[in-house]
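A look at the structure
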Amino acid sequence: SLRVAMRDHPQGMVSEGDFLVEQTPRPAPGPGQALVRVRHLSLDPYMRPMMNPVRSYVEPLKPGQTMPGATVGEVVESNEEALPVGAHVACMLGWQEYGLVTKDAARIVDLDPGDISLALHVLGMTGATAHYGLLHLGDPKPGETVVVTAASGAVGSVVGQLAKIKGCRVLGIAGGPEKCRYVTEELGFDECLDHRADDFEQRLAELTPDWVDILFENVGGPVLDALLPRMNDHGRVVLCGNISDYNRDEPYGLKGISHLLLHRVNVYSFVIADHRDYWPGAIGELAGWVKEGRIRFREDVAKGGLKGAPSAFISMLTGRNFGKQLVEVAPA
Ligand code: NDP
């Protein structure tokens, strides 16, 4: 069974040399355990800060440790009645081809709304993140202006579509014209701006004449610098991610703090792992909207097995992904 480990803590931008790909013996299930053959691995931005030896909300990874991560797959051997052979499960096996689970560590996946991989994004962690962050914390009202950064991505795409369902005017921010076209034409956002375009700040001002009520923030850095002066009085910032900092040794910093104060803006930060009780309800509601075609999504699947995971991870962290970044660890 192949696995990918962190070779050592990366400095700055993570590179393929920071990973170790190696064969390990395939484990055998003990009492109450099932062996899962991983079909898809989810690659998520949070994995990068976990590679730094600093204080965080989780233990940092140690050199030689298997990279963590959410996975979906099939039970191929079992000593657990609740996880029969052939069952499709979602679990946290990390970057490896096979792994052991107990019934408490695996969720049986309902294949009704779509493919098993949906449990890794729109009907899994990133969907729950969008739902909790926007609907529970942001509490959007019809007619409000919502801005979403990393708008074509796994979290951002769902946030914007939820805001449209709630009757808001939605402006996405994404990297490049192709992503922007997808965000407006396929996902139904009202507008989308390319954060790399020369006229980004000018267009942002033109498109937010009545200011921004909710900013769903995924990226930080210069994009956040441009957005904070556009906040409305009593606006809300849902601080979900700060991806532009994840490969920096020194944080970029928060420049617009005076705008937060002058306009009495509330900032809500959260980590979705703290809210496990919220997931089933959110995922159930999202599944209904996916079935009705009201929430659409896009996957970016790296084929060719687990050895391609490091390069796909680096792609995702530099915006070369287009949609939810997955690795096809084993074909169906
Ligand atoms: P995405 O699918 O959105 O992929 C990451 C995207 O980030 C890239 O495609 C790119 O989009 C953008 N990006 C990367 N680097 C930069 C940069 N320097 N400046 C601006 N944009 C950049 O990933 P996810 O949807 O999985 O995650 C989105 C955010 O949500 C992350 O910050 C993540 O950490 C956070 N998150 C937080 C959770 C929580 O519990 N708080 C849970 C899950 C995710 P583009 O090409 O459009 O610029």
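Residues numbered from 1 in each chain as written. Predicted model: local features only at pLDDT ≥ 70, side-chain atom pairs only at ≥ 80, totals over all residues.

Looking at an unreviewed UniProt entry, one finds the protein named NADP-dependent oxidoreductase and attributed to Streptomyces luteolus.

Around the ligand, 31 residues are found, and the nearest of them are Gly 153, Gly 175, Gly 241, Ser 244 and Gly 319. Element by element, the count of residues in the shell around the ligand is highest for helix α3 (residues 154-165), at three residues. When the residues that make up the shell around the ligand are grouped by side-chain class, the tally is 14 nonpolar, 14 polar and three charged. Three or more residues apiece are contributed to the shell around the ligand by two domains, here domain 1 (2-121 + 298-328) and domain 2 (125-273). (Near = placed C-beta within 6 Å. Helix = DSSP H or I, 4+ residues; strand = E, 2+ residues; numbered from the N terminus. Nonpolar A, V, L, I, M, F, W, Y, C, P; charged D, E, K, R; others polar. Domains from an automatic or database assignment.)

Core analysis: the largest hydrophobic core is formed by 96 residues, its most contacted members being Val 36, Leu 41, Val 89, Val 159, Phe 216, Ala 309 and Val 327. A total of six residues in this core trace back to one element, the largest contributor, which is α3. When we break this core down by domain, the ones giving at least three residues each are domain 1 (2-121 + 298-328) and domain 2 (125-273). Non-local contacts of Ala 309, meaning those with residues more than four positions away in its chain, are made with Val 4, Leu 41, Leu 43, Trp 95 and Val 327. (Core = buried A, V, L, I, M, F, W, Y, C linked by C-beta atoms within 7 Å. Buried ≥ 20, exposed ≤ 12 C-beta atoms within 10 Å, placed from the backbone. Contact = placed C-beta atoms within 7 Å.)

Bringing the environment of Thr 129 into the picture now. Note on placement: Thr 129 falls in helix α2 (residues 125-138). Sequence spacing of Thr 129 and Trp 279 is 150 residues, and the spatial spacing of their C-alpha atoms is 8.6 Å. The contacts of Thr 129, once residues within four sequence positions are left out, are Val 155, Cys 240 and Ile 272.

Further remarks concern helix α9 (residues 309-317). Buried within α9 we find Ala 309, Pro 310, Ala 312, Phe 313, Met 316 and Leu 317. An end-on view of α9 places all buried positions within 165° of arc, on one side of the element. Two residues or fewer after α9 comes Gly 319, characterised by a positive phi angle close to 80°. (Arc of directions from axis to C-beta.)

Ordered by their spatial adjacency, six strands build an open sheet running β10-β9-β8-β11-β12-β13, and the pairing between neighbours is parallel. Two strands bound the open sheet, and with one partner strand each, they are β10 (191-194) and β13 (266-269). Across the sheet, the mean angle from the axis of one strand to that of its neighbour is 15°, orientation sign disregarded. Bridging between strand β8 (residues 145-149) and strand β11 (residues 212-217) involves three bridges; their strand directions are parallel. The partner of Val 147 across the bridge, within β11, is Leu 215. Strands in contact with α2 are β11, β12 (231-239) and β13; relative to β12, the strand with the most contacts, it is inclined by about 145°. (Pairing = 2+ DSSP bridges. Axes fitted to C-alpha atoms, helices over the stretch in contact; angles between N-to-C directions.)

Here the protein is partitioned into domain 1 (2-121 + 298-328) and domain 2 (125-273). For domain 1 and domain 2, the distance between their C-alpha centroids amounts to 28 Å. Across the contact, 15 residues belong to domain 1 and 13 residues belong to domain 2. Taken together, the residues that form the side of domain 1 that touches domain 2 break down as eight nonpolar, five polar and two charged.

This paragraph deals with the pairing of strand β5 (residues 88-91). Moving residue by residue along a regular strand, the side chains alternate between the two faces of the sheet. Pairing of strand β4 (residues 71-78) with β5 involves four bridges; the strand directions are antiparallel. Bridge pairing in β5 links Thr 71 to Cys 91. As paired elements, β5 and strand β7 (residues 106-108) share three bridges and run antiparallel to each other. Of the residues in β7, the one forming a bridge with Cys 91 is Ala 106.

Turning to the UniProt feature "domain: Enoyl reductase (ER)" (unreviewed entry) in the protein, a few remarks are in order. Under the present numbering, the feature "domain: Enoyl reductase (ER)" (unreviewed entry) in UniProt falls on residues 12-327. Summarising residues 12-327: 26% helix, 24% strand, and an end-to-end C-alpha distance of 24 Å. (UniProt positions renumbered as here; feature names shortened; annotations may be inferred.)

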